[in-house]
Amino acid sequence: MVTITRLDLAKVRNIGIMAHIDAGKTTTTERILFYTGVSYKIGEVHQGNTAMDHMAQERERGITITSAATTCHWPVDGAEHTVNIIDTPGHVDFTVEVERCLRVLDGAVTVFDGVAGVEPQSETVWRQADKYGVPRICFVNKLDRAGADFHRCVDMMVDRLGVVPLVLQLPIGAEAGFTGVVDLVRMKAYVWSAEAELGEAYDVVDIPDTHVEAAEKWRGRLLAAVAEHDEETMRLYADGLEPSEEGLHAVIRRVTIASGRSKGTTVTPVVCGTAFKNKGVQPLLDAVVRYLPSPLDVGAVDGERGVTRRPSDDEPLAALAFKIMTDPHLGKLTFVRIYSGRLESGAAVLNSVKGRKERVGKIYRMHAAKRQEMGSAGAGDIVAVMGLKQTTTGETLCDDRDPVVLESMDFPTPVIEVAIEARSRGNGERLRLAIQRLAEEDPSFQVHTDEETGQTVIGGMGELHLEIVVDRMEREFGVEADVGRPRVAYRETIRRPVEKVDYTHKKQTGGKGQFAKVQISIEPIAEGYEFVNKVTGGRVPKEFIPSVDAGCQDAMRFGILAGYEMAGVRVTLLDGAFHEQDSSELAFRQAGFHVFKEAARRASPVLLEPVMAVEVTTPDGYLGEVIGDLNARRGHIQAMDERAGARIVQGLVPLSEMFGYVGDLRSQTSGRASYSMQFDSHAEVPRNLVEAIIAKA
Ligand SMILES: Nc1nc2c(ncn2[C@@H]2O[C@H](COP(=O)(O)OP(=O)(O)OP(=O)(O)O)[C@@H](O)[C@H]2O)c(=O)[nH]1
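About the cut-offs
Residues numbered from 1 in each chain as written. Predicted model: local features only at pLDDT ≥ 70, side-chain atom pairs only at ≥ 80, totals over all residues. Heavy atoms only, no water. Pairing = 2+ DSSP bridges. Helix = DSSP H or I, 4+ residues; strand = E, 2+ residues; numbered from the N terminus. Axes fitted to C-alpha atoms, helices over the stretch in contact; angles between N-to-C directions. Contact = heavy atoms within 4.5 Å. Disulfide = S-S within 2.5 Å. Phe/Tyr/Trp six-rings, centres within 6.5 Å; stacked < 30°, edge-to-face > 60°. Lys NZ or Arg CZ within 6 Å of the ring centre and 35° of its normal. Core = buried A, V, L, I, M, F, W, Y, C linked by side-chain atoms within 4.5 Å. Buried < 20%, exposed > 50% of the residue type's maximum accessible area, 1.4 Å probe, protein only. Salt bridge = Lys/Arg side-chain N within 4 Å of Asp/Glu carboxyl O. Parallel < 35°, antiparallel > 145°, perpendicular 65-115°, else oblique. Left-handed = near helix turned anticlockwise from the far one by under 90°. Nonpolar A, V, L, I, M, F, W, Y, C, P; charged D, E, K, R; others polar. Polar contact = N/O pair within 3.5 Å; in protein donor to acceptor, adjacent residues only side chain to side chain. pLDDT = per-residue confidence, 0-100.

S.K.: Tell me about the sheet that holds strand β31 (residues 514-524), and please be specific about residues and values.
M.R.: Pairing is mixed across the open sheet formed by four strands, whose spatial order is β30-β31-β33-β32. Two strands bound the open sheet, and with one partner strand each, they are β30 (498-507) and β32 (529-533). This sheet shows a mean twist of 25 degrees between the axes of neighbouring strands, independent of strand direction. Where β32 lies against strand β33 (residues 569-577), five bridges are found, and the strand directions are parallel. Its bridge partner lying in β33, Val-532 is registered against Thr-572. Strands in contact with helix α13 (residues 545-557) are β31, β32 and β33; relative to β32, the strand with the most contacts, it is inclined by about 155 degrees. Strand contacts of helix α14 (residues 585-602): β30, β31 and β33, with the helix running at about 35 degrees to β31, the strand carrying the most contacts.

Below is the structure:
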């Protein structure tokens, strides 16, 4: 059925659920779908039947790989609200999924494991949310588990994330005896009785005597924390008065949104429960509606060149494509966040980044793997669109009479790569198609051809990432391929500036000759690539300058030491010369390529390797072995800590030394230690190892 809806934007929440792996995002989302009536039963991760994780690989492995979008409705104070939820992956290899979702979300719920507290990936996603100014609510989950500690988790948020916590609830009971929460705003207790097995109902009762004192103390802290960030509450507070219940909801909302969007300190409401044991999820939904922003709170979005768009259907269209997914039945689906205007099925829109018109096919509201067709969708909504052929992640769709380019998002460069080869000729075409499709979906998946061997090399964020990619090629595209051993994706850069390097490209083959002369300087910069033109007086005609730039970028793709991609270079074009008949774009591109190679050779080129932040959790007895082993892997131990009776070791270790670590750690500690790692930075490869890497390449 085709529906046309105009959303009441004040009653819309676009939120993400994010966390460290296994904290319970998917489990929490499954409860949300059940309590809001989207699903009629609760799916479980360990049974492989969740609505949100619908890819075969997700169900088999019990992890989220791609973010899934879904819509539900939740009443608060008698008013129905629409909540669009994106459940994002926790594993660091899929962090780009988190990044692109945060770019388009208005608010987020961060789920913490009540035993482990703030884990490395919790920290990463927290910083990502800081970067995009996304207001948050914290949900301390798994309070039913042995060793869970709500207050320790809150302390860790303060220490590690710099959160100013607004503790809105206290747990009643612990571990198996955890039965509910005290609500410090209403000063009531919510108790889930054993009869309502799926947690669908809970009783609102007086705070048990055993918890009254703690409740009063923590309510006092809540009011003090709020007052510190809100003048009105401060005045009341100074007069010994308290805001009403409604007033307190309003001020918590105000403070949460303002501080979250300011990208500074994050004043964040904290609630708790156990998703798996069905307790605490409904009050979490209430908190989402009460305290997280609507598209109206987010307000106008800025495009390039000072263009802004207000969140209204009456403004010209501005929408951002944030995810491409290939659906087995529908083909290519593009997920978009609409910031202003209406997106109509059948209409032509402009992709303002590519400067190309696209026709919008069917528009769907997604409910995890299910969908509902809509004739059009308006400002503030998140929908999936069919029929877009050219649009990729991060590009803007808009009205061609009123174009705008919205800010895109950052994608990390791959740290690991493998060579892949089709087993037969017929398979070659399939492999090419599979790579193209998967690369369209996933901006952190990259492919290039090895210049020397002619092999196809695919790059990604980690071993798991590439393993899933290869698995999908087999299952979804029927590709039979041989895959090499994973290897580190090194990079190259330069260490010193070089002034005035000249190059003349000159060729006389039969008819028209090729002539281009350029002079450049190059210098190291922190990251990426920059091109500055300083040629004056038409010594290089304007139309050839982009060709010089393109030639330099061609050269950056294959560094001069070992053929790895270069980064961190600024090129300044200083001078040049041309010939009326014999100069062409191609000639200047060639000149750019060669002058860059020459300049880079003289600029002390070095090889960089990815260094990973590693966190190992081990019983005390194995601490010595774990540290000794990390040192032997060229690691630097940075911190040691104790948590819930286990020792935590944090260090920086080059990725090349971490292959096979899973198995080694298991055998050293009889399987009792665990670890997680994520990309930290690039560092120069020590001299004694460079030769071997160059020889291998
Ligand atoms: N005891 C207990 N277990 C839980 C709770 N919530 C989730 N789990 C279990 O923890 C495991 C991980 O839960 P998921 O919901 O898959 O976690 P996730 O954060 O979505 O994981 P990824 O998407 O893979 O990052 C599953 O086995 C869940 O059953 C909880 O409240 N209590």
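Next comes the rest of the write-up.
S.K.: Explain the state of the cysteines to me, and be specific about the residues and the numbers.
M.R.: Tallied over the entire structure, the rule returns zero disulfides. Of all cysteine sulfurs, the one in Cys-153 lies closest to Cys-272, which takes part in no disulfide; the gap is 9.9 Å.

S.K.: Go over the packing of aromatic side chains with me, naming the residues and quoting the values.
M.R.: Per the stated rule, a full pass over the model turns up seven aromatic pairs. An aromatic cluster of three or more residues is present, and its members are Tyr-190, Trp-192 and Tyr-202. The cationic tip of Arg-221 hangs over the ring face of Trp-218; the distance from NZ or CZ to the ring centre is 4.4 Å. The side chain of Arg-337 reaches across the aromatic face of Tyr-339, ending 4.6 Å from its centre.

S.K.: Tell me about the nonpolar core, and name the residues and values.
M.R.: Core analysis: the biggest nonpolar cluster contains 68 residues, and Phe-150 and Met-157 have the highest contact counts within it. Looking at this core, the element that brings in the most residues is helix α9 (residues 281-291), giving seven residues. Here Phe-150 is in contact with Val-140, Leu-143, Val-167, Gln-169, Leu-170, Pro-171, Val-270, Val-271 and Cys-272, once residues within four sequence places are set aside. Of all hydrophobic cores here, the second largest spans 40 residues; its members include Ala-481, Leu-665, Met-677 and Ile-693.

S.K.: A description of the pattern of salt bridges should follow, citing residues and the corresponding values.
M.R.: For the structure shown, the criterion picks out 41 salt bridges. Here Arg-127 makes a salt bridge to Glu-123, at a shortest N to O gap of 3.9 Å. Taken as a pair, Arg-127 and Glu-123 lie in helix α4 (residues 120-131) at a separation of four residues, close to a single helical turn. Put simply, Arg-186 and Glu-245 hold a salt bridge, and the shortest N to O gap is 4.0 Å. Here the residue Arg-186 occupies a position in the loop between β8 (180-183) and β9 (188-191), and Glu-245 occupies one in helix α8 (residues 245-261), the gap between them amounting to 59 residues. Its relative accessible area of 36% is what places Glu-245 among the partly exposed residues. Connected through salt bridges with shared partners, the residues Glu-123, Arg-127, Asp-130 and Arg-136 form a single ionic network.

S.K.: Give me unusual backbone geometry: which residues, what numbers.
M.R.: Positive phi, normally seen in glycine, also occurs at Lys-142, with a value near 65 degrees. One non-glycine residue with positive phi stands out, namely Lys-500, at about 45 degrees. One can find Lys-500 in strand β30. Looking at Lys-500, the relative accessible area reads 53%, which means it is exposed.

S.K.: Tell me about the packing of α13 against α14, residues and numbers included.
M.R.: Running from N to C, α13 and α14 cross one another at 45 degrees; their axes reach a closest spacing of 7 Å. In terms of orientation, α13 and α14 fall into the oblique class. α14 is crossed by α13, and the crossing has right-handed handedness. Residue-level contacts link Ser-547, Val-548, Ala-550, Gly-551, Cys-552, Asp-554, Ala-555 and Met-556 of α13 to Glu-585, Phe-588, Arg-589, Gly-592, Phe-593, Phe-596 and Lys-597 of α14. Of the residues in the contact of α13 with α14, the class split is eight nonpolar, three polar and four charged.

S.K.: Give a description of the side chain of Asp-399 that names residues and reports values.
M.R.: Note that Asp-399 resides in the loop between β23 (396-398) and β24 (416-422). A polar contact is formed between the side chain of Asp-399 and the backbone nitrogen of Arg-401, at a distance of 3.1 Å. Discounting chain neighbours no more than four positions away, the residues touching Asp-399 are Pro-316 and Leu-317.

S.K.: Would you mind going over the confidence of the model for the chain in detail, with residue names and values included?
M.R.: Put simply, the chain has an average pLDDT of 86, and 92% of its residues get 70 or more. The ipTM, which scores confidence in the relative placement of chains, is 0.97 for this predicted complex, and the corresponding pTM is 0.76.

S.K.: Describe in detail the pairing of strand β4 (residues 107-113), supporting the description with residues and values.
M.R.: Across the seven residues of β4, seven count as buried, placing the element largely inside the fold. Residues Gly-107, Val-109, Val-111 and Asp-113 line one face of β4 and the alternating positions Ala-108, Thr-110 and Phe-112 line the opposite face, and both faces are buried. With five bridges connecting them, strand β1 (residues 12-19) and β4 associate as parallel partners. Of the residues in β4, the one forming a bridge with Met-18 is Thr-110. Where β4 and strand β5 (residues 136-141) come together, six bridges link them in parallel fashion. Following the sheet pairing, Asp-113 is matched in β5 by Asn-141.

S.K.: Mind laying out the sheet that holds strand β7 (residues 169-172), listing which residues take part and the relevant values?
M.R.: Across the sheet, which stays open at both edges, the four strands sit in the order β7-β8-β9-β10 with antiparallel pairing between neighbours. Every interior strand has two partners, whereas the edge strands, β7 and β10 (203-205), have only one. The sheet shows a mean angle of 25 degrees between the axes of neighbouring strands, taken without regard to direction. In this sheet, β10 lies alongside β9 in antiparallel orientation, the contact comprising three bridges. If you follow Ala-189 over to β10, its bridge partner there is Val-205.

S.K.: Describe the pairing of β1, and please don't skip the residues or the numbers.
M.R.: With eight of eight residues buried, β1 is to be regarded as a mostly interior element. The two faces of β1 match: Val-12, Asn-14, Gly-16 and Met-18 on one face and Arg-13, Ile-15, Ile-17 and Ala-19 on the other face are all buried. The pairing of β1 with strand β3 (residues 79-87) spans six bridges and is parallel. Each residue of the ladder has a partner; that of Val-12, found in β3, is Thr-82.

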